[in-house]
Amino acid sequence: MTQEVRGVVARTKDAPVETTTVIIPDPGPGEAVVRVQACGVCHTDLHYKLGGISDDFPFLLGHEAAGIVESVGEGVTDVKPGDFVVLNWRAVCGQCRACKRGRPWYCFDTHNAAQPMTLADGTPLSPALGIGAFADKTLVAAGQCTKVDPKAAPSTAGLLGCGVMAGIGAAINTGSVGRGDSVAVIGCGGVGTAAVAGARLAGAARIIAVDLDPRKLDSAAALGATHTVDAREQDPVEAVRELTGGFGADVVIEAVGRPETYKQAFYARDLAGTLVLVGVPTPEMTLELPLLDVFGRGGALKSSWYGDCLPSRDFPMLIDLYLQGRLDLDAFVSETIPLDGIEDAFAKMHRGDVLRSVVVL
Ligand SMILES: NC(=O)c1ccc[n+]([C@@H]2O[C@H](COP(=O)([O-])OP(=O)(O)OC[C@H]3O[C@@H](n4cnc5c(N)ncnc54)[C@H](O)[C@@H]3O)[C@@H](O)[C@H]2O)c1
Ligand SMILES: [Zn+2]
Ligand SMILES: [Zn+2]
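## Remarks on the overall build of the protein
Counting its secondary structure elements, the protein contains 11 helices and 18 strands. Against the globule reference of 21 Å for 361 residues, the protein gives a C-alpha radius of gyration of 20 Å, in line with a compact fold. When the backbone C-alpha atoms are referred to their principal axes, the protein occupies close to 65 × 40 × 40 Å. Looking at the protein as a whole, 53% of its 361 residues qualify as buried.

This is the structure in structure tokens:
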């Protein structure tokens, strides 16, 4: 059996996305169908649409979602119909070399649904990050469904499914920000601002937000930045050094995904400091750095996929902190939009008007 729902599809990188019929198969073994209630618009959706992630068009976009499990396939025991879940793109396998070494947040063989969702003519769709949640319903691997407290609103909870988790995790998991640390975040969109919030949760003493857009600096300040740097007016490296006694920050998080901001992050670090790249570069980008500086400055150069999160550990914990009033996830929801508002939302993201536009279904 299958069912027809509406979904937002990118057919080529030149055409606007379109809302069209998507065919969802009934869940097979280990799969679940989820009725999507909300899905945030992430920069990675735009990367997909522009062909920056892969050429596997057509894409079913959307991957930052919360919803209700509608049905589950054979052998699924962790979730059942009616459960409120945040969708994740790290359903760990338990079998790969990372999982077996007790580091499942690096899992190298994460699960997605085995069956394809398709267009009405049978063309298989590539769901963004194995999720595809700009749709009334989506088919995922059951392990992609993480149960959280249903007291959280779907529009807020869903943001943990990607950008907000990536940012918070870049600070608390990958960067291991600790009490008293100085932290700088370059690029304060949804991801960077979440890194600011994560640094605050971890007890950082000084949190420096860097962006080109004063509106982003305001939202970063509201979520915990103690200092802001407008990169159009000040050199970010000099500014961060000035704000850290001339030395640089203990942890610098790059949340743009460009070589020039990576270099700034590299040099805005204190000696033996940590750089975390959470921004996603595109295939043509390259980086040149004096190898002697890489050696001489010491420390750690890390990348953060999904904030090195373990969804089953991190999503419920962050939702609990949110419900206790210790993490203002609502501040990330700039607006709620209908399913056919994605192109507008991309334009707003491009202009920097929003932290997150969230599709509410
Ligand atoms: N690593 C992951 O797991 C993961 C997950 C989600 C998103 N991402 C990536 O994180 C990045 C940010 O995503 P987002 O949703 O926050 O995007 P966004 O467009 O909302 O934010 C980007 C921010 O960077 C700022 N910026 C651009 N150029 C700058 C510069 N030269 N100096 C300082 N600031 C600059 C922009 O003004 C904007 O505020 C993207 O590359 C996205 O693909 C990574
Ligand atoms: Zn694994
Ligand atoms: Zn994303």
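## Some thoughts on the sheet that holds strand S16 (residues 300–303)
One open sheet accounts for six strands, arranged S13-S12-S11-S14-S15-S16; its pairing is parallel. Since the sheet does not close on itself, it has two edges, and those belong to strand S13 (227–230) and S16, each with one partner. The mean inter-strand angle of the sheet, taken between neighbouring strand axes irrespective of direction, is 15°.

## Considering helix H4 (residues 163–174)
With 12 of 12 residues buried, H4 lies mostly within the body of the structure. Those residues of H4 lying buried are Gly163, Val164, Met165, Ala166, Gly167, Ile168, Gly169, Ala170, Ala171, Ile172, Asn173 and Thr174. Following H4 by one or two positions, Ser176 adopts a phi angle in the positive range, close to 45°.

## As for the nonpolar core
Ranked by internal contacts, the top residues of the largest apolar core, which has 119 residues, are Val183, Val185, Ala195, Val196 and Ile253. It is H4 that provides the largest number of residues to this core, a total of seven residues. In contact with Val185, not counting residues within four places along its chain, are Gly192, Ala195, Val196, Ala209, Val210, Ile253 and Ala255.

## Thoughts on unusual backbone geometry
Negative phi characterises most residues that are not glycine, and trans characterises most peptide bonds. Across the junction of Phe57 and Pro58, the peptide omega takes the value -5°, indicating a cis bond. Topologically, Pro58 is positioned in the loop between helix H1 (43–49) and strand S4 (59–60). Of note, Leu129 is a non-glycine position whose phi angle comes to about 50°, a positive value. Looking at where Leu129 falls in the secondary structure, it is placed in the loop between strand S8 (126–127) and strand S9 (137–141). Non-glycine residue Ala272 carries a positive phi angle of around 65°. Looking at the element boundaries, Ala272 is found in strand S15 (residues 269–277).

## Brief notes about the environment of Ala204
Tracing the backbone through its elements, the reader meets Ala204 in the loop between helix H5 (190–201) and strand S12 (206–211). With 47 residues separating them in the primary sequence, Ala204 and Val251 have C-alpha atoms 9.8 Å apart. For Ala204, the contacting residues outside a window of four places in its chain are Val177, Asp181, Ser182, Val183 and Ala199.

## A few points about the pairing of S15
Judged by how many residues are buried, S15 sits mostly within the fold: seven of nine residues are covered. Relative to S15, strand S14 (residues 249–254) runs parallel, the two being bridged by five bridges. When the sheet's bridge partners are listed, Val252 is paired in S15 with Leu275. Where S15 and S16 come together, four bridges link them in parallel fashion.

## Description of the sheet that holds strand S2 (residues 18–25)
Spatially, S7-S2-S1-S4-S8 is the arrangement adopted by the five strands of the open sheet, whose pairing is mixed. Looking at which strands have only one partner, the edges of the open sheet turn out to be strand S7 (118–119) and S8. With two bridges joining them, S4 and S8 adopt parallel strand pairing. Looking across to S8, one finds that Leu60 is bridged to Pro127.

## What to know about the site of ligand 1
Neighbouring ligand 1 are 32 residues, the closest being His43, Ala166, Gly187, Gly189 and Gly257. Among the elements of the structure, H1, H4, H5 and S12 are those that each provide at least two residues to the shell around ligand 1. Tallied by class, the residues present in the shell around ligand 1 amount to 16 nonpolar, 13 polar and three charged.

## With respect to the pairing of strand S17 (residues 333–337)
The sheet contact formed by S17 and strand S18 (residues 356–360) spans four bridges and is parallel. Bridge assignment links Thr336 to a residue of S18, and that residue is Val358. On the question of chirality, the crossover connecting S17 to the parallel S18 by way of helix H11 (residues 342–351) is right-handed.

## Quick word on the packing of H4 against H5
Where H4 contacts H5, the two axes come as close as 7 Å, and the packing angle between them is 45°. With respect to H5, the axis of H4 lies oblique. Along this stretch, H4 crosses H5, giving a crossing that reads as right-handed. Mapping the contact onto sequence places Gly163, Val164, Ala166, Gly167, Ile168, Gly169, Ala170, Ala171 and Ile172 in H4 and Gly190, Val191, Gly192, Thr193, Ala194, Ala195, Ala197, Gly198, Ala199 and Leu201 in H5. Of the residues that constitute the contact of H4 with H5, the class distribution is 12 nonpolar, seven polar and no charged.

## Side note on the environment of Pro127
Within the secondary structure, Pro127 is located in strand S8. For Pro127 and Tyr48, which are 79 residues apart along the polypeptide, the C-alpha to C-alpha distance reads 10.0 Å. Setting aside anything within four residues of it in sequence, one finds Pro127 in contact with Leu60, Met117, Gly132 and Thr138.

Parameters and conventions
- Residues numbered from 1 in each chain as written.
- Chains lettered and ligands numbered in written order.
- Predicted model: local features only at pLDDT ≥ 70, side-chain atom pairs only at ≥ 80, totals over all residues.
- Helix = DSSP H or I, 4+ residues; strand = E, 2+ residues; numbered from the N terminus.
- Rg over C-alpha atoms; globule rule 2.2 N^0.38 Å.
- Buried ≥ 20, exposed ≤ 12 C-beta atoms within 10 Å, placed from the backbone.
- Pairing = 2+ DSSP bridges.
- Axes fitted to C-alpha atoms, helices over the stretch in contact; angles between N-to-C directions.
- Core = buried A, V, L, I, M, F, W, Y, C linked by C-beta atoms within 7 Å.
- Contact = placed C-beta atoms within 7 Å.
- Near = placed C-beta within 6 Å.
- Nonpolar A, V, L, I, M, F, W, Y, C, P; charged D, E, K, R; others polar.
- Right-handed = clockwise from strand over helix to strand, strands pointing away.
- Parallel < 35°, antiparallel > 145°, perpendicular 65-115°, else oblique.
- Left-handed = near helix turned anticlockwise from the far one by under 90°.

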